[in-house]
Amino acid sequence: MLKIFGGMIIGSLMTMILLGGVSAADKVLANAQTLYIEQIQRPDTITTILLLVFSSIFLAFLTLWPTKPVLDTKKITKQLRRHC
């Protein structure tokens, strides 16, 4: 992603310097926007796999989280009466 971004910046600077004018800058901007939209619509397989792995680990962690045991109030009050 960084290589593409750096390439777009260098390419746009070279194009604007060599060709000059607003039309060249508009073409470079349009190309960058279409590339960005294509990447959003079609994510990388590595990104998708990492997202699925982390979300499954997080959901498993949440389901296996130890719950706090429910206290039996009658038993506690009975024990407190014995000690008082």
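Conventions adopted
Residues numbered from 1 in each chain as written. Predicted model: local features only at pLDDT ≥ 70, side-chain atom pairs only at ≥ 80, totals over all residues. Heavy atoms only, no water. Helix = DSSP H or I, 4+ residues; strand = E, 2+ residues; numbered from the N terminus. Buried < 20%, exposed > 50% of the residue type's maximum accessible area, 1.4 Å probe, protein only. Contact = heavy atoms within 4.5 Å. Patch = residues over 30% accessible without salt bridge, like charges linked within 9 Å, V, L, I, M, F, W, Y side chains within 5 Å. Areas by Shrake-Rupley, 256 points an atom, 1.4 Å probe, with all protein chains shown as cover. Salt bridge = Lys/Arg side-chain N within 4 Å of Asp/Glu carboxyl O. Axes fitted to C-alpha atoms, helices over the stretch in contact; angles between N-to-C directions. Parallel < 35°, antiparallel > 145°, perpendicular 65-115°, else oblique. Left-handed = near helix turned anticlockwise from the far one by under 90°.

Draft legend 1. Spotlight on the environment of alanine 24. Take alanine 24: it is sitting in helix H2 (residues 22-41). The exposure class of alanine 24 is buried, given its relative accessible area of 5%. Remark: the alpha-carbon pair of alanine 24 and aspartate 44, spanning 20 residues in sequence, is separated by 30 Å. Sequence-distant contacts of alanine 24, defined by excluding residues within four places in its chain, comprise Thr15 and Leu19.

Draft legend 2. Geometry of a nonpolar patch on the surface. On the surface, Phe5, Ile9, Ile10, Leu13, Met14, Ile17, Leu18 and Leu19 cluster together into a nonpolar patch covering about 910 Å² of accessible area. Within the secondary structure, isoleucine 17 sits in helix H1 (residues 2-18). For isoleucine 17, a relative accessible area of 70% gives the class exposed.

Draft legend 3. Molecular detail of the packing of H1 against H2. Running from amino to carboxyl end, H1 crosses H2 at an angle of 165°, the nearest separation of the two axes being 9 Å. Taken together, the axes of H1 and H2 are roughly antiparallel relative to one another. Regarding H1 and H2, the two cross each other, and that crossing is right-handed. Mapping the contact onto sequence places Ile4, Met8, Ser12, Thr15 and Met16 in H1 and Ala24, Ala25, Val28, Ala32, Leu35 and Gln39 in H2.

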